[in-house]
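Secondary and tertiary structure notes
Spelled out, the chains give:
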Amino acid sequence: MTMRRRISVLGATGSIGDSALDVVAQHPQRFDIVALTAHRQWEKLARLCVRFKPRMAAMLDADAAVKLERALRAAGMSTEVLAGVEGVCHAATMAEADTVLAAIVGAAGLQPTLAAARAGKRILLANKEALVIGGAAFMAAVREGAATLLPIDSEHNAIFQCLPPGYRGDPAGAGVARILLTASGGPFRTRAIEDLAHVTPSEACAHPTWVMGRKISVDSATMMNKGLEVIEAHWLFGAPRACIEVVIHPQSLVHSLVEYVDGSILAQLSNPDMRTPIAQALAYPERVASGVAPLNLAALGALTFEPADPIRFPCLQLAYDALDAQGTAPAILNAANEVAVAAFLDGTLGYLGIAAACAEALRRIPATPVNSLDDALDADAHSRAVTREWLRRMNAPRMTA
Ligand code: NAD
Ligand code: MG
């Protein structure tokens, strides 16, 4: 008999939240929503609460939580409303939930996702930044909490599907030669390099194949997203750096590939719609319809692949460098990138400044070993401070003689 899943959605108002709730709504007999959380979009969360009737809802922002509670009571609903990080962490750990969808954007997702791991939940992981920062500590929490980690980042979900069932984090033992992560190349793959200095946030967010939140859209344009995904793959699949390669595939139909020592390459293909990997992970090991149209291979014509240009995409190399440096380096890189992307989105930093800010943080802050999660969180805070200071200097009026 099919097990009924009781799901807590962290980051319910975002792009991944939308896709996940769309799949859930197609299978009311299989999936129950027990908690929904968001940052400050209380009106949208109120609508979702009315539709999915969770037991509890949490808003990071305390004022938004008050407004949400008022709106829900006016709608005659008794949904418990909590606020702050504690509220979000309660949604991640509550006994009523067996499954936690980790879809908060950025480092803010680390604490609740880690709490879900310690509580032994089945975690559907979209929040790659948690793994990039938390690394070994996060994976240890998954093991110690006997949690289950199912990747829903499309590339990692594809790799998961191409690895043998029961794969235990040992590529050599499973006969895996290489993991090949595909990247679309984003909106600037063919843009003249001289023009990149002038691209705007709306151009950077206009992804050619995927519809996503703004931060990850910018990360896709710079290919920092792929760099973070290399680090994510390293932790998820126990793969050494030399075993993880990136190839550009502009059609975004092959979501990643696994090459075996006998020369076989297995790939997962589907339309670029996050409902496919989300449905795969929600129902795993069973399968459910996702609402995504099937691929018409004959109509597609061609799938193309090309190498990533290191001059156009310096962020990818920075991520490999951070993985090589180990310790706190990935946390330093991720934090600098979050600060720089936010500055780019609010118009205070040019596009090329994103890679420059990340390189500067990695250069200025030496990587040190991570013996505890606090080491990684300290590095995150240090890198944010250094990057904000760098931004202030960049934006300070120039002294003239
Ligand atoms: P989004 O910006 O659309 O949504 C983010 C969600 O997180 C919102 O619900 C927001 O309210 C919540 N949130 C933001 N800051 C918060 C905070 N400080 N505390 C608590 N909640 C907070 O982002 P998204 O595109 O849905 O991406 C979510 C995560 O999934 C990211 O880590 C991203 O890298 C990953 N991901 C997204 C896609 C995609 O297609 N969108 C694909 C793969 C991976
Ligand atoms: Mg991805």
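Heads up: the structure comes first, above all this text.
Worth saying up front: this structure is predicted, and the values here are computed from it rather than measured.

For the magnesium ion (ligand 2), the full set of protein donor atoms is Asp-153 (OD), Glu-155 (OE) and Glu-229 (OE), and the range of their distances to it is 2.1 Å. Sequence positions of the donors to the magnesium ion (ligand 2) reduce to the motif D-x1-E-x73-E. Of this pair, Glu-155 sits in helix 7 (residues 154–162) while Glu-229 sits in helix 10 (residues 224–237), and the two are 74 residues apart along the sequence. With respect to class, Glu-155 is no different from Glu-229; both count as buried.

A two-sided burial pattern is seen for strand 6 (residues 122–125), the buried positions comprising Arg-122 and Leu-124 on one face and Ile-123 and Leu-125 on the other. Two elements, strand 5 (residues 99–102) and strand 6, share four bridges in a ladder whose sense is parallel. Within strand 6, the residue paired with Thr-99 across the bridge is Arg-122. Crossover connection from strand 5 via helix 5 (residues 110–118) to parallel strand 6: handedness right-handed. Bridge count for strand 6 against strand 7 (residues 148–151) is four bridges, and the pairing is parallel. Within strand 7, the position partnered with Leu-124 by the bridge is Leu-150.

Next up on the list: the nonpolar core. Core analysis: the biggest nonpolar cluster contains 74 residues, and Ile-123, Phe-138, Leu-149, Leu-163, Phe-237 and Val-246 have the highest contact counts within it. Ranked by residue count, the leading element in this core is helix 6 (residues 128–144), at eight residues. Judged by nonpolar contacts, the second largest core, of 39 residues, contains Ile-33, Ala-38, Phe-52 and Ala-103.

What the rule picks out here adds up to one cavity of 30 Å³ or more. Its volume calculated, the largest cavity comes out at about 40 Å³. If you go around the largest cavity, the residues you meet are Ser-154, Asn-157, Trp-210, His-255, Gln-268, Ser-270, Asn-271, Asp-273 and Pro-277. Classifying every residue of the lining of the largest cavity by side-chain character gives two nonpolar, six polar and one charged.

For the coordinates displayed, the defined rule picks out 26 salt bridges. Ionic pairing is found between Arg-5 and Asp-98, a salt bridge with its closest N-O pair at 3.8 Å. Taken together, the residues Arg-5 in strand 1 (residues 5–10) and Asp-98 in the loop between helix 4 (84–93) and strand 5 connect sequence positions 93 residues apart. Assessed through its relative accessible area of 15%, Asp-98 is described here as buried. Across the salt bridge formed by Glu-229 and Lys-226, the nearest N and O atoms sit 2.7 Å from each other. One end of the pair, Glu-229, and the other, Lys-226, are both in helix 10, three residues apart, so they sit about a helical turn from each other.

Turning to the site of ligand 1, a few remarks are in order. What surrounds ligand 1 is a group of 22 residues, the closest being Thr-13, Ser-15, Ile-16, His-39 and Glu-129. Within the backbone of Ile-16, one N or O atom sits 2.9 Å away from an oxygen atom of ligand 1. For ligand 1, whose accessible area on its own is 830 Å², the fraction buried by protein is 88%. Among the secondary structure elements, those contributing two or more residues to the shell around ligand 1 are helix 1 (15–25) and helix 6. When grouped by side-chain class, the residues that make up the shell around ligand 1 number twelve nonpolar, seven polar and three charged.

To continue, consider the packing of helix 1 against helix 2 (residues 42–52). When two helices pack together, their arrangement is given by the angle between the helix axes and the distance between those axes. Running from N to C, helix 1 and helix 2 point in directions that differ by 15°, and their axes come no closer than 12 Å. When the axes of helix 1 and helix 2 are compared, the pair comes out roughly parallel. Like other packed secondary-structure pairs, helix 1 and helix 2 cross with a definite hand, here left-handed. Only Lys-44, Leu-48, Arg-51 and Phe-52 of helix 2 make contact with helix 1, whose side of the interface consists of Asp-18, Leu-21, Val-24 and Ala-25. Class assignment of the residues belonging to the contact of helix 1 with helix 2 gives a composition of five nonpolar, no polar and three charged.

The next subject is the packing of aromatic side chains. Evaluated as defined, the whole model comprises three aromatic pairs. Considering the side-chain rings of Phe-188 and Tyr-351, the 5.2 Å spacing of their centres and the 85° angle between planes classify their relative orientation as edge-to-face. Placement of Phe-188 in the loop between strand 8 (176–183) and helix 8 (201–205) and of Tyr-351 in the loop between helix 14 (329–345) and helix 15 (352–364) is noted, with a sequence separation of 163 residues between them. Tyr-351 carries the same exposure label as Phe-188, and that label is buried. Consider the rings of Phe-344 and Tyr-351, whose centres lie 5.9 Å apart with planes at 70°: the pair is edge-to-face. Accessibility assignment for this pair places Phe-344 and Tyr-351 in one class, buried. Through successive ring pairs, a cluster of aromatic residues spans Phe-188, Phe-344 and Tyr-351.

What follows covers the packing of helix 4 against helix 5. Between helix 4 and helix 5, the shortest axis-to-axis distance is 8 Å and the interhelical angle comes to 30°. The angle between helix 4 and helix 5 places the two elements in the roughly parallel class. Regarding helix 4 and helix 5, the two cross each other, and that crossing is right-handed. Contact residues: Val-85, Val-88, Cys-89, Ala-92 and Thr-93 in helix 4; Gln-111, Pro-112, Ala-115 and Ala-116 in helix 5. Each residue belonging to the contact of helix 4 with helix 5 can be placed in one class, and the counts come to seven nonpolar, two polar and no charged.

Analysis parameters
Residues numbered from 1 in each chain as written. Chains lettered and ligands numbered in written order. Predicted model: local features only at pLDDT ≥ 70, side-chain atom pairs only at ≥ 80, totals over all residues. Heavy atoms only, no water. Donors = N, O, S within 2.8 Å, 3.2 Å for Na, K, Ca; no water. Helix = DSSP H or I, 4+ residues; strand = E, 2+ residues; numbered from the N terminus. Buried < 20%, exposed > 50% of the residue type's maximum accessible area, 1.4 Å probe, protein only. Pairing = 2+ DSSP bridges. Right-handed = clockwise from strand over helix to strand, strands pointing away. Core = buried A, V, L, I, M, F, W, Y, C linked by side-chain atoms within 4.5 Å. 1 Å grid on protein atoms, 1.4 Å probe; cavity = no way out; pocket = protein on both sides within 12 Å on 5 of 7 lines; lining within 4 Å. Points joined across faces, edges and corners; volume = space filled by probe spheres on them. Nonpolar A, V, L, I, M, F, W, Y, C, P; charged D, E, K, R; others polar. Salt bridge = Lys/Arg side-chain N within 4 Å of Asp/Glu carboxyl O. Near = heavy atom within 4 Å. Polar contact = N/O pair within 3.5 Å; in protein donor to acceptor, adjacent residues only side chain to side chain. Areas by Shrake-Rupley, 256 points an atom, 1.4 Å probe, with all protein chains shown as cover. Axes fitted to C-alpha atoms, helices over the stretch in contact; angles between N-to-C directions. Parallel < 35°, antiparallel > 145°, perpendicular 65-115°, else oblique. Left-handed = near helix turned anticlockwise from the far one by under 90°. Contact = heavy atoms within 4.5 Å. Phe/Tyr/Trp six-rings, centres within 6.5 Å; stacked < 30°, edge-to-face > 60°.

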